[in-house]
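# Analysis of the macromolecular model
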Amino acid sequence: MVRDTTIRSKAFDILLIIVLALITLTCILPLWYTLALSLSSNSAAAAGRVWLWPIDFNLNAYQQIIQDSQFFNSFWISAKRVFLGAGLNLIVVAMMAYPLSRSVQQFKARNVLMWTLVFTMLFNGGLIPLYLTIKELGMLNSIWSMVLVGGAHTIVFNVILTVNFYRNLPKEMDEAALVDGAGPWDALIKIYIPLAVPVLATVTLFSIVYHWNEFLYGLIFMTREEYYPLQTYIQQLVVSVDPSTMTEDQYKRMSELSNRTLDAAKIFIAMLPVLVVYPFLQRFFIHGITLGSVKE
């Protein structure tokens, strides 16, 4: 391999390193600041003295979280949502992408279904019809409202990514499977899914991150706080509220929860599961995206 050692090339390398370092810092600093804030005293946080290092180090915020039953209840709801949502996403994507990756001669409805999927990415009925539909189905205050509606928003992109991955696999495998007497189910389960582990791990990661971080549907479809997922619960803690529009009970609750260190500790704990899961799936990430991308 011939390496360019000119001054222009070295200058470009240095500039690239600086840019990547700045991007890395913009990702790490908010996380580090949240951790430092959660380990500081409430007075130091309220005074704005905390930046990159805890002031008056203590674990009081985390001790208070242990006593907060609603936090752990919301954490458990989010964990169930991620498990159901990611599992359903994996099954539907793997099964839907396979027939859509076949040619029109093999699956005549392929183009119609593919354009239908693309149409749903570009247009939707709006929030009010969605709410009325969920209400008529009796799924208000049900975890399935968040799982199904959230999954519908992410599944189309994941299917398209997986379709392109399947289409890039050697066509000779289909012929060999056909000669050996394998049907579509055998080909999918024994050939395509094992080979598609990188892209399926990638789309599963996308689904996990989405279901864990999404808060809006919990706010819309859940009418009581005990049904809130974790991110909806945290959003209620940190959202900006106009005191002039609050009732006496709402103002009292906000004053009880207006602890910056406690909120920071909850936010930091809420980020940990994704940070823990990501390294295990990261090795599939680039491979799955590259092979699943659209190629001309």
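Parameters and conventions
- The numbers attached to residues start from 1 for each chain and follow its sequence in the written order.
- For this predicted model, a pLDDT threshold of at least 70 governs which residues receive local features, and a threshold of 80 or more governs which side-chain atom pairs are given and counted, while totals over whole chains, interfaces and linings are taken from all residues.
- Note: side-chain values were computed over all heavy atoms of the structure, leaving out hydrogens and water.
- Under the DSSP-based scheme used, a helix requires at least four consecutive residues in state H or I and a strand at least two consecutive residues in state E, with every element numbered from the N terminus.
- In this scheme, a residue with accessible area under 20% of its type's maximum is buried, one over 50% is exposed, and one in between is partly exposed, where area comes from a 1.4 Å probe on protein chains only.
- Note on contacts: a residue pair is in contact if any heavy atoms of the two residues lie within 4.5 Å.
- Here the open area of atoms and residues is found with the Shrake-Rupley method and a 1.4 Å probe, where only the protein chains shown may cover a residue.
- Salt bridges, as used here, are contacts in which a Lys or Arg side-chain nitrogen is within 4 Å of a carboxyl oxygen on Asp or Glu.
- Nonpolar cores are built from buried Ala, Val, Leu, Ile, Met, Phe, Trp, Tyr and Cys residues. Side-chain atoms within 4.5 Å join them into one set.
- What pLDDT conveys is the predictor's confidence in a given residue, as a value from 0 to 100.
- Expected span, for any helix, means 1.5 Å times one less than how many residues it has.
- This arc corresponds to the set of directions leading from the helix axis out to the C-beta atoms.
- Here the bend at a residue is taken as the angle between two axes, fitted respectively to the seven residues that end there and the seven that start there.

## Focus on the overall build of the protein
Within the protein, the secondary structure is distributed over 14 helices and zero strands. Overall, the protein shows an N-to-C arrangement of helices and strands of α-α-α-α-α-α-α-α-α-α-α-α-α-α. Counting all 296 residues of the protein, 37% fall into the buried class. Within the protein, contacts between residues separated by at least 24 positions form 72% of all contacts whose residues are at least 6 apart in sequence. Element-wise, carbon and sulfur atoms account for 68% of the exposed surface of the protein, whose accessible area totals about 18200 Å².

## Some details on the pattern of salt bridges
Here the structure, examined in full by the defined rule, presents two salt bridges. A salt bridge links E214 to R81; the nearest nitrogen and oxygen atoms lie 2.8 Å apart. Of this pair, E214 sits in the loop between α10 (197-213) and α11 (216-221) while R81 sits in helix α4 (residues 69-100); the two residues are 133 residues apart in sequence, bridging distant segments of the chain. For the pair E214 and R81, a shared accessibility class is recorded, and that class is buried. Across the salt bridge formed by R224 and E226, the nearest N and O atoms sit 3.5 Å from each other.

## Concerning the side chain of T232
Secondary-structure assignment places T232 in helix α12 (residues 230-238). With residues up to four places along the chain from it excluded, the contact list for T232 reads F215, G218 and L219.

## With respect to the nonpolar core
Counting residues in each nonpolar core, the largest one holds 30 residues, and the members touching the most others are Y62, I65, F71, M146, F221, L230 and Y233. Here this core takes six residues from helix α14 (residues 260-292), the largest share from any one element. One finds M114, L161, L169 and L188 within the second-largest nonpolar core, a separate group that totals 23 residues.

## Describing the environment of L52
Tracing the chain through its elements places L52 in the loop between α2 (42-46) and α3 (60-66). Taking C-alpha positions, L52 is 6.4 Å from A36, a pair spaced 16 residues apart along the chain. Here L52 is in contact with L29, W32 and A36, once residues within four sequence places are set aside.

## Describing the confidence of the model for the protein
When the pLDDT values of the protein are averaged, the result is 81; 85% of them are 70 or greater. By mean pLDDT, the top-scoring element of the protein is α4 (91), and the lowest-scoring one is helix α13 (residues 248-257) (53). Segment residues 292-296 is flagged for pLDDT under 50; beyond a separation of four residues in sequence, or across chains, it makes nine contacts in the model.

## Notes on helix α5 (residues 110-122)
The first and last C-alpha atoms of α5 sit 19 Å apart over 13 residues, in line with the 18 Å expected at 1.5 Å per residue. For α5, the full list of buried residues reads R110, M114 and L117. Along the long axis of α5, the arc covered by the buried residues comes to 60°, so they all point the same way. Seen from the open side of α5, the exposed residues pointing more than 90 degrees away from its buried face are V112, W115, F119 and L122. Against α4 and α7 (143-167) lie the buried residues of α5.

## Describing the environment of P198
Here P198 shows up in helix α10. On a C-alpha basis, the gap between P198 and F165 in space is 9.4 Å, while along the polypeptide they are 33 residues apart.

## With respect to unusual backbone geometry
With a phi close to 55°, D56 is a non-glycine residue in the positive phi region. Relative to the helices and strands, D56 resides in the loop between α2 and α3. Among the residues examined, D56 registers a relative accessible area of 47% and is labelled partly exposed. Within the chain, N141 stands out as a residue other than glycine whose phi angle is a positive 60°. Tracing the backbone shows N141 in the loop between α6 (127-136) and α7.

## Some points on α7
End to end, α7 covers 35 Å across 25 residues, agreeing with the expected 36 Å (1.5 Å per residue, within 8%). At T154, α7 shows its largest bend, some 40°.

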